[in-house]
Amino acid sequence: MNLSLLAPLRLAALAAMALPLLIHLIRRLELTTTDFAALRWISERVTARRRLRFERPWLLLLRLLLLALLALLLARPVMTEPSAPARARVVVAAGVDRTAAVAAVGNAAADWRWLAPGFPSLDVAPPAGTAPLASLLRELDADLPAASGLTVVVPSELAGLDGERPHLGRTVDWRVLPGGMASSASSVSNAPIRLAVRSAPAGEASLRYLRAAIAAWNAREPGRYLLDAQPLSIAIHDDEHWLIWLGADLPVAIASWIEQGGTAVLADRPEPRGDVVWRDASGHALAQRYASGRGRIVALHGTLIPQALPIMLDADFPERLLALMREAPPAPTRAIAEAMRPLQEVTAASAAMLASGSARPLDSWLAVLIAGLFLLERLLATRTRAEVVE
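Residues numbered from 1 in each chain as written. Predicted model: local features only at pLDDT ≥ 70, side-chain atom pairs only at ≥ 80, totals over all residues. Heavy atoms only, no water.

Undergrad: Looking at this model, I keep getting lost on the packing of helix H5 (residues 204-220) against helix H7 (residues 317-325). Mind explaining?
TA: The geometry of a pair of packed helices is captured by two quantities: the angle between their axes and the separation between those axes. Look at H5 against H7: their axes get within 9 Å of each other, and the N-to-C directions meet at 85°. As the angle between them shows, H5 and H7 are arranged roughly perpendicular. Of H7, the residues touching H5 (which contributes Tyr209, Leu210, Ala213, Ala216, Trp217 and Arg220) are Phe317, Pro318, Glu319, Leu321 and Leu322. Of the residues that constitute the contact of H5 with H7, the class distribution is 9 nonpolar, no polar and 2 charged. (Axes fitted to C-alpha atoms, helices over the stretch in contact; angles between N-to-C directions. Helix = DSSP H or I, 4+ residues; strand = E, 2+ residues; numbered from the N terminus. Parallel < 35°, antiparallel > 145°, perpendicular 65-115°, else oblique. Contact = heavy atoms within 4.5 Å. Nonpolar A, V, L, I, M, F, W, Y, C, P; charged D, E, K, R; others polar.)

Undergrad: Is there a simple way to think about the side chain of Gln288 in this case?
TA: Its location among the elements puts Gln288 in strand S13 (residues 285-292). Reaching out from Gln288, the side chain makes a polar contact with the side chain of His301 at a distance of 3.0 Å. (Polar contact = N/O pair within 3.5 Å; in protein donor to acceptor, adjacent residues only side chain to side chain.)

Undergrad: How should I be thinking about H5 in this particular structure?
TA: The α-helix advances 3.6 residues per turn, and as a result positions three or four apart in sequence lie on the same side. Compared with the 24 Å implied by 1.5 Å per residue over 17 residues, the 25 Å span of H5 between its first and last C-alpha is a close match. Looking only at H5, the buried set comprises Ser206, Leu207, Leu210, Ala213, Ile214, Trp217 and Asn218. Looking straight down H5, one finds its buried side chains confined to an arc of 140°; they lie on one side. Seen from the open side of H5, the exposed residues pointing more than 90 degrees away from its buried face are Arg208 and Ala219. Close packing links the buried residues of H5 with strand S8 (193-199), strand S9 (225-231), strand S10 (242-246) and H7. (Expected span 1.5 Å × (residues − 1). Buried < 20%, exposed > 50% of the residue type's maximum accessible area, 1.4 Å probe, protein only. Arc of directions from axis to C-beta.)

Undergrad: Quick question: what am I supposed to make of the environment of Asp123 here?
TA: Mapped onto the elements, Asp123 comes out in the loop between strand S4 (111-114) and helix H4 (133-143). With relative accessibility at 72%, the residue Asp123 sits in the exposed group. In sequence terms Asp123 and Trp112 are 11 residues apart; their C-alpha atoms lie 8.4 Å from each other.

Undergrad: What is the right way to look at the packing of aromatic side chains in this model?
TA: Within a pair of aromatic rings, the relevant descriptors are the distance that separates the centres and the angle that separates the planes. If you walk through the whole model with that rule in mind, you get 4 aromatic pairs. Pairing Trp217 with Trp242 gives two aromatic rings, centres 6.3 Å apart and planes at 85°, and the pair type is edge-to-face. Placement of the pair is Trp217 in helix H5 and Trp242 in strand S10, with a sequence separation of 25 residues. Both residues of the pair, Trp217 and Trp242, belong to the buried class. In this arrangement the basic side chain of Arg224 is found over the ring face of Tyr225, its NZ or CZ atom lying 5.9 Å from the centre. (Phe/Tyr/Trp six-rings, centres within 6.5 Å; stacked < 30°, edge-to-face > 60°. Lys NZ or Arg CZ within 6 Å of the ring centre and 35° of its normal.)

Undergrad: What exactly am I supposed to notice about unusual backbone geometry here?
TA: A negative phi angle is the norm for most residues apart from glycine, just as the trans form is the norm for most peptide bonds. Phi at Arg76 takes a positive value of approximately 55°, unusual for a residue other than glycine. Considering the arrangement of structural elements, one finds Arg76 in the loop between helix H2 (57-74) and strand S2 (77-81). Arg76 gets classed as partly exposed once you look at its relative accessible area, which sits at 40%.

Undergrad: Sorry if this is basic, but what is going on with the pairing of strand S3 (residues 89-92) here?
TA: Within a regular beta strand, the side chains point alternately toward one face of the sheet and then the other, so they alternate between its two faces. Alternating residues of S3 divide into Arg89 and Val91 and Val90 and Val92, and every residue in both groups is buried. By the bridge criterion, 4 bridges tie S3 to S4 in an arrangement that is parallel. Among the inter-strand pairings, Val91 is bridged to a residue of S4, identified as Arg113. (Pairing = 2+ DSSP bridges.)

Undergrad: Looking at this model, I keep getting lost on the nonpolar core. Mind explaining?
TA: Side chains that are nonpolar tend, in soluble globular proteins, to be buried together. Of all hydrophobic cores here, the largest spans 28 residues; its most connected members are Leu195, Leu210, Trp217, Trp242, Ile244, Trp278 and Leu304. Residue assignment for this core shows that the elements contributing at least two residues are S8, H5, S10, S13, strand S14 (295-300) and H7. For Leu304, the residues in contact, after removing those within four places along its chain, are Ser206, Leu210, Ile244, Leu246, Ala267, Leu309, Met312 and Phe317. Counting residues in each nonpolar core, the second largest holds 22 residues, with Phe119, Leu137, Leu161 and Met340 among its members. (Core = buried A, V, L, I, M, F, W, Y, C linked by side-chain atoms within 4.5 Å.)

Undergrad: Help me understand the pattern of salt bridges in this model?
TA: A full pass over the atoms with the stated rule returns 14 salt bridges. A salt bridge links Asp228 to Arg198; the nearest nitrogen and oxygen atoms lie 3.1 Å apart. Of this pair, Asp228 sits in strand S9 while Arg198 sits in strand S8, and the two are 30 residues apart along the sequence. Under the relative-accessibility criterion, Asp228 is labelled buried at 12%. (Salt bridge = Lys/Arg side-chain N within 4 Å of Asp/Glu carboxyl O.)

Undergrad: Would you explain the environment of Ala255 in this entry?
TA: Examined against the element boundaries, Ala255 turns out to sit in helix H6 (residues 252-259). When its relative accessible area of 25% is taken as the criterion, Ala255 is described as partly exposed. Distance in space between the C-alpha atoms of Ala255 and Gly293 is 9.6 Å, their sequence separation being 38 residues.

Undergrad: When you look at the sheet that holds strand S12 (residues 275-279) in this model, what are you seeing that I'm missing?
TA: Working definition: the strands of a sheet are paired by backbone hydrogen bonds and lie parallel or antiparallel to each other. Spatially, 7 strands are ordered S9-S8-S10-S11-S14-S13-S12 in an open sheet, and the strand pairing comes out mixed. Edge strands, defined here as strands with exactly one partner in the open sheet, are S9 and S12. With strand direction ignored, the average angle separating the axes of adjacent strands in the sheet is 20°. Where S8 meets S9, 7 bridges bridge the pair, whose relative direction is parallel. Bridged to Leu195 within S9 is Leu227. Sheet contacts for H5: S8, S9 and S10; angle to S9, the most-contacted strand, approximately 165°.

See the structure below:
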C-alpha cells in the first residue's frame, strides 16, 4: 500500500499553520502585569528570565493538526495498490513495413496492432486507404489501461491528421521509420460556382468592376464562375452559391437563403460584429465576416465603387474579393512525423494511476477526522474560555 497525492502543490496551504502560532503569541503579549508592594524590596539588579511559552499548548497543537489535515485533504490523497504491469501495446501505421517495425522495436511479447480503425492484429494484411491517424491515437490512449506502455511506429511522412499535434495522457515511444502514408483522394469539386449579384439601377458602376473581377477568376479557372446579375426585385435561385447584395434593406427571402447555408457579401454595411477579414494599407477595417444560421455574411464598410473603396483599383482586388467569398481552408492533414510527436499531458491524477494499478481516495475518511477534530477543538476552546471567566 502506497500513499499518493493527486494535487501535491496544494500542500502549500500548510503555510496557514503560522496563523494559530501568531494568535497564541499575540494573546500572550496581551497579558497585563500587576505590581505588588513587596516587589519594591527586590533589587533591580535581578532580572527575570524570559522564555517563549505558548498559552494553552494542547489547544494550539490541536489547531495545528486540524490545519495540516485540511491541507492534506486539499492535496487529494489516495491509497494505491501496486498491480502487475499491463501488456505493452505496439501499433504500426500504414506505410511502414511490418518486418522493419518488428526489427526496430524488438518486443515480441507486446500486443502488436495496426494503427487503423478497430486496431486489427499485425498478422493480417495492412489496411488500405488513409486512416484518421490523430483520432485513432486519442482513441487508443483513452482505451488502454493506465499502466500499459504504448509504442507507435510511423513512417516519416504522415497523413490523416487534423491540423495539430496529438495530446495524449501517457508517455509514447514514438518510432519513425522510412516510408510514407498514401494521401486520400482529392475531394475538390470542379463544378461551376454560381454567383448572383442583385443591384439597384444606380449600381451599374459596381457591376463593371464585378464583371472584371469574375473575368479574372475565369482566366485562371476557365468556366468555373457563372455570373447572374439581376435587379433587386429578382429572386435568387436555390442553386446559387454566392450572393453580392448591392441594395439597402435585406429581404426576408434573402436572409432565409443565407441562414440555410448561403454566402453573401453585403455592401455598405459597417457592422460592428464579426471578425475583420479585410483591411486597407492603413489598417482600417474594410470588411467583417460573421455567421448567420448555417451561412456566412461578409459586411463591407462601403459601397463597391472606387470612390468609397479605393482598394478596388488595386491589381489584387479580384483575389481579395474571391478570398472573401471562399470558406476558410481546411486544416492540413499531412506532416513530417518528427514534427508530429505527441505532446504528453500527464496530470498528477494520471501519473498516480500510471505508477499504480488502482487508487482508493481517502477524502471521506479525512473529512470525518477533520470534523471530529473541529468539534474537539471547539470543546476545548469553550472550556478554556469558561475557566478564564470564572
